[in-house]
Amino acid sequence: MPEAPANDTASEYVVVDKSKIALEFIENVTTNADEVQKKVLGEILSRSSHVEYLQRYDLKGRVDRETFKKIIPVITYEDLQPDINRIANGDTSPILCGQPISEFLTSSGTSAGERKIMPTIEEELNRRSLLYSLLMPVMNEYVPGLDKGKGMYFLFIKSEAKTLSGLVARPVLTSYYKSSHFKNRPYDPYTNYTSPNETILCPDSYQSMYSQLLCGLYQNKEVLRVGAVFASGFIRAIRFLEKHWTSLCNDIRNGTIDSQITDPSVREAVLAILKPNSKLADFIQEECSKDSWKGIITRLWPNTKYIDVIVTGTMSQYIPTLNYYSNGLPLVCTMYASSECYFGLNLQPLCDPSEVSYTLIPTMAYFEFLPAHRNNGVSTKPKSLTEKERKELVDLVDVKLGQEYELIVTTYAGLYRYRVGDVLRVTGFKNKAPQFSFVCRKNVVLSIDSDKTDEVELQNAVINAVNHLVPFDSSLVEYTSYADTSTIPGHYVLYWELRHDGTTPIPPSVFEDCCLTMEESLNSVYRQGRVSDKSIGPLEIKIVESGTFDKLMDYAISRGASINQYKTPRCVKFQPIVELMNSRVVESYFSPKCPKWIVGLQQWRNQN
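Nothing here was measured: the structure is a model prediction, and the numbers come from that model.

Colleague: Whenever I open this one, the sheet that holds strand 3 (residues 150-154) confuses me. Can you help?
Modeller: In a beta sheet, neighbouring strands are held together by backbone hydrogen bonds and run either parallel or antiparallel to one another. In spatial order, the strands read 3-6-7-8; together these four strands make up an open sheet with parallel pairing. The open sheet terminates on both sides in strands that have one partner only, identified here as strand 3 and strand 8 (331-332). In this structure, strand 6 (residues 223-230) lies alongside strand 7 (residues 306-310), joined through four bridges in parallel fashion. Considered in strand 7, the bridge of glycine 227 is made with aspartate 308. Against the sheet, helix 11 (residues 231-254) contacts strand 3, strand 6 and strand 7, and its axis sits at roughly 120 degrees relative to strand 6.

Okay, here's the thing in structure tokens:
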């Protein structure tokens, strides 16, 4: 297997040499993709040959692909959950992995309303660091000179919990930011950020955002690239600036930090950078005082070359807003990763967002692909596969151009033939390694930030909410939904068509109760976004005129839908349909307060 680029611990960083090694590594593993994949699977199976999970299927230490595919089943999280819970509850025997489980990574996907928890091992931090180390050498091929300035990235940690085993459970990026790989990273001009580590690691989201913006504004001439993980997070930072620029200007003018920033380590780190600068404060005040904020990013950070955010999948809804604030700066999606595994990177980072493709790096895990079948944008593959469907699975180098597949991974951390839930389309090849565009998350109908709400969950939330209408002899005729990102933060919109047989009008407070009940019924990731992260706005119910959903069906049929097969979509995205629904709204109501949410994971929070 080609050797991965080593972490450079030397005090003098040689950019050209390290970039050359990184690019050679990509060339090698993509040229020899199948050989690398075969070796990866062999390594995973040989290291974990004694674990209970593999012995359960009588693998008997065999490491060849043919035997592995024949006897190891394709699984979902629900299949694996009993084993994961055993580990989380303190069973230290080798159940899934031959190496000790170091922590759990919480997924933004949910199971029964709770975050999924993925076991991981210490070694996985090296793989994540490897993928990060490849990003900037690729980027520098397209935008040279990035080592001459800084990146202004808005990075945040999120809440974590401890399982009964004592192992921590937290989001994958929180795990990485809190690791020595990030905190004690050697000097690297490509990871030279305007935000001190202390501001990123501050658990208070307001203090973290304020202090990171303050440092980014103060160093505005040094900033060559800006970004966040998701497009929604970057836009929240700009909207935060809109609200708080006067306080930020005051701090820059006086070399101080606002009294609301109480974290001692944050104050110390920021004040070590900040010095009074009235000229800069005047400049920021002048720009922020203008009537229009169009192009505010290039106005305040004039040397910015691109915005580094995820704008694929549901994040594509934020592209117009990003273009407005940046005057059309390139939107760069650099990598593809999840809690289960880090997958690959974008080798053509300056492409249009609609053309983003990721090259899966064959050393990260063993990859398989299940041909996908979608209906109205939703994957329809059942949870369990038939023998015929299992035989349809193909290896990394055997996928076909233009075909859509569901991604399946076998990882070093103990996932075997695990269905990630992402649907990908093959767009091309880098040597022997395929390149994929992200199509959708399987079964997800609504998403604003890191939340993912599927059709079943949405249906249950609606059922719970409409109970409030029963005393008024009202019932729900039909409904659909929409992720509205015209507001920041974005929010869920439900379009309800009602039948009202009673004589008593329904008070507005009842509809507000319906909104809140829906929010209380949604998963913990959604509720955290509402309560803690402030990344999701209050849910809205729009009451539409009688006959609206008939009009919706007529519109669909006029565009070629079959009247016999037509089914009301549970989520609408096509703008003419959204406009049709909005044109028939007669009343609108918002959730009056935040839903309940408690830090930690449901099954362990009472024990901590």
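Colleague: Hey, could you run me through the nonpolar core in this one?
Modeller: Generally speaking, nonpolar side chains in soluble globular proteins are found buried as a group. Ranked by size, the top nonpolar core spans 152 residues in total, and within it Phe234, Ile297, Phe367, Phe369, Leu407 and Trp496 carry the most contacts. The element that contributes the greatest number of residues to this core is helix 11, accounting for 11 residues. Residues in contact with phenylalanine 234, not counting those within four places in the same chain, are Phe154, Val226, Gly227, Ala228, Ile297, Ile307, Val309 and Leu322. In terms of nonpolar packing, the next biggest core, distinct from the first, is built from 17 residues, Leu125, Leu146, Tyr193 and Ile200 among them.

Colleague: Explain the domain arrangement of the protein chain here, please?
Modeller: One frequent convention defines the size of an interface as the accessible area lost when the parts assemble. Looking at the assigned domains, one finds that the protein chain contains domain 1 (21-121 + 335-441), domain 2 (144-304) and domain 3 (444-590). A straight line from the C-alpha centre of domain 1 to that of domain 3 covers 34 Å.

Colleague: For this particular structure, what's the right way to read the side chain of serine 326?
Modeller: Topologically, serine 326 is positioned in helix 15 (residues 319-326). A relative accessible area of 1% means that serine 326 is categorised as buried. A polar side-chain atom of serine 326 sits 3.2 Å from the main-chain amide nitrogen of leucine 329.

Colleague: When you look at the environment of isoleucine 21 in this model, what are you seeing that I'm missing?
Modeller: On the secondary structure map, isoleucine 21 appears in helix 1 (residues 15-31). Taking the C-alpha atoms as reference points, isoleucine 21 and leucine 134, separated by 113 residues in sequence, lie 9.4 Å from one another.

Colleague: It is not clear to me how the pattern of salt bridges should be interpreted in this structure. Could you clarify?
Modeller: Opposite charge on two side chains permits them to pair, given that their charged atoms come into close proximity. Counted by the stated rule, this structure contains 29 salt bridges. Its salt-bridge partner being arginine 570, residue glutamate 478 comes within 2.8 Å of it at the nearest N-O pair. On the criterion of sequence distance, the pair formed by glutamate 478 in strand 21 (residues 474-484) and arginine 570 in the loop between helix 20 (548-558) and helix 21 (575-583) is long-range, its members being 92 residues apart. Classification of glutamate 478 by relative accessible area gives buried; the value is 18%. Residue classification places arginine 570 among the buried residues on the basis of a relative accessible area of 16%.

Colleague: Even after reading the chapter, I still don't get the sheet that holds strand 22 (residues 491-500), so can you show me in this structure?
Modeller: Strand order in the open sheet made by the four strands is 21-22-23-24, with mixed pairing throughout. Looking at which strands have only one partner, the edges of the open sheet turn out to be strand 21 and strand 24 (585-590). Averaged over all neighbouring strand pairs, the angle between strand axes comes to 25 degrees, with direction disregarded. Relative to strand 24, strand 23 (residues 540-544) is paired through five bridges, and the arrangement is antiparallel. Along strand 24, the bridge assignment pairs glutamate 540 with phenylalanine 590. Set on the sheet, helix 17 (residues 455-466) makes contact with strand 21 and strand 22; between it and strand 21 the angle comes to about 135 degrees. Here helix 18 (residues 508-521) sits on the sheet in contact with strand 22, strand 23 and strand 24, set at roughly 60 degrees to strand 24.

Colleague: How should I be thinking about unusual backbone geometry in this particular structure?
Modeller: What is expected of a backbone is that most residues other than glycine have negative phi and most peptide bonds are trans. Omega for the peptide link from isoleucine 488 to proline 489 comes to 0 degrees, which places this bond in the cis form. With respect to the secondary-structure elements, proline 489 resides in the loop between strand 21 and strand 22. Despite not being glycine, aspartate 58 shows a phi value in the positive range, around 60 degrees. Note that aspartate 58 resides in the loop between helix 3 (52-56) and helix 4 (65-71). According to the relative accessible area criterion, aspartate 58 is partly exposed, its value standing at 41%. Residue asparagine 431 is not a glycine yet carries a positive backbone phi of 55 degrees. Mapped onto the elements, asparagine 431 comes out in the loop between strand 17 (418-430) and strand 18 (433-441).

Colleague: I would appreciate a short explanation of the packing of helix 10 (residues 205-218) against helix 11 in the present structure.
Modeller: For any two helices packed against each other, the geometry comes down to the angle between their axes and how far apart the axes lie. Contact pair helix 10 / helix 11: the axes reach a minimum separation of 9 Å and the direction vectors enclose 65 degrees. Here helix 10 is positioned roughly perpendicular relative to helix 11, judged by the angle of their axes. The element helix 10 and its partner helix 11 pack so that their crossing is right-handed. Across from Tyr206, Met209, Tyr210, Leu213, Leu214, Leu217 and Tyr218 in helix 10, the residues of helix 11 making contact are Arg236, Ala237, Phe240, Leu241, His244, Ser247, Leu248, Asp251 and Ile252. Tallied by class, the residues present in the contact of helix 10 with helix 11 amount to 12 nonpolar, two polar and two charged.

Colleague: Just checking my understanding: could you explain the side chain of glutamine 37 for this structure?
Modeller: Along the chain, glutamine 37 turns up in helix 2 (residues 33-47). A polar contact of 2.8 Å, which involves the side chain of glutamine 37, links it to the backbone oxygen of proline 362. With sequence-adjacent residues up to four places away left out, glutamine 37 is seen in contact with Arg65, Pro362, Ala365, Tyr366, Phe367 and Leu396.

Colleague: Sorry, what's going on with the environment of tyrosine 416 here?
Modeller: When you line up the elements, tyrosine 416 lands in the loop between strand 16 (404-410) and strand 17. Along the chain, tyrosine 416 and leucine 54 lie 362 residues apart, while their C-alpha atoms are 8.8 Å from each other.

Colleague: I would appreciate a short explanation of helix 21 in the present structure.
Modeller: Residues three or four positions apart in an α-helix share a direction because the helix packs 3.6 residues into each turn. Taken together, the buried positions of helix 21 are occupied by Ile577, Val578 and Met581. Considered in projection along helix 21, the buried side chains sweep an arc of 100 degrees and stay on one side of the axis. Buried residues along helix 21 sit against strand 21, strand 22, strand 23, helix 20 and strand 24.

Colleague: Mind showing me how you'd approach helix 18 here?
Modeller: Taking 1.5 Å of rise per residue, 14 residues should cover 20 Å, and helix 18 covers 20 Å from first to last C-alpha, within 8% of that figure. Among the residues of helix 18, those classed as buried are Val510, Phe511, Cys514, Cys515, Leu516, Thr517, Met518 and Glu519. The secondary structure elements touched by the buried residues of helix 18 are helix 17, strand 22, helix 19 (524-531), strand 23 and strand 24.

Colleague: Even after reading the chapter, I still don't get the packing of aromatic side chains, so can you show me in this structure?
Modeller: Two aromatic rings are characterised by how far apart their centres lie and by the angle between their planes. Considering all chains together, one arrives at 22 aromatic pairs under this definition. Taken together, a centroid distance of 6.1 Å and an interplanar angle of 75 degrees make the contact between phenylalanine 68 and tyrosine 366 edge-to-face. Of this pair, phenylalanine 68 sits in helix 4 while tyrosine 366 sits in strand 12 (residues 366-371), and the two are 298 residues apart along the sequence. The pair formed by phenylalanine 68 and tyrosine 366 is uniform in burial state, with each residue classed as buried. Ring centres of tyrosine 206 and phenylalanine 240 lie 5.3 Å apart, and the angle between their planes is 55 degrees; this geometry places the pair in the tilted category. Taken together, the positions of tyrosine 206 in helix 10 and phenylalanine 240 in helix 11 put the pair 34 residues apart, joining distant regions of the chain. Judged by relative accessible area, tyrosine 206 falls into the partly exposed class, the value being 23%. Clustering of aromatic rings is evident, with ring pairs tying together Tyr132, Tyr176, Tyr177, Phe182 and Tyr342.

Rules and cut-offs
Residues numbered from 1 in each chain as written. Predicted model: local features only at pLDDT ≥ 70, side-chain atom pairs only at ≥ 80, totals over all residues. Heavy atoms only, no water. Pairing = 2+ DSSP bridges. Helix = DSSP H or I, 4+ residues; strand = E, 2+ residues; numbered from the N terminus. Contact = heavy atoms within 4.5 Å. Axes fitted to C-alpha atoms, helices over the stretch in contact; angles between N-to-C directions. Core = buried A, V, L, I, M, F, W, Y, C linked by side-chain atoms within 4.5 Å. Buried < 20%, exposed > 50% of the residue type's maximum accessible area, 1.4 Å probe, protein only. Domains from an automatic or database assignment. Polar contact = N/O pair within 3.5 Å; in protein donor to acceptor, adjacent residues only side chain to side chain. Salt bridge = Lys/Arg side-chain N within 4 Å of Asp/Glu carboxyl O. Parallel < 35°, antiparallel > 145°, perpendicular 65-115°, else oblique. Left-handed = near helix turned anticlockwise from the far one by under 90°. Nonpolar A, V, L, I, M, F, W, Y, C, P; charged D, E, K, R; others polar. Arc of directions from axis to C-beta. Expected span 1.5 Å × (residues − 1). Phe/Tyr/Trp six-rings, centres within 6.5 Å; stacked < 30°, edge-to-face > 60°.

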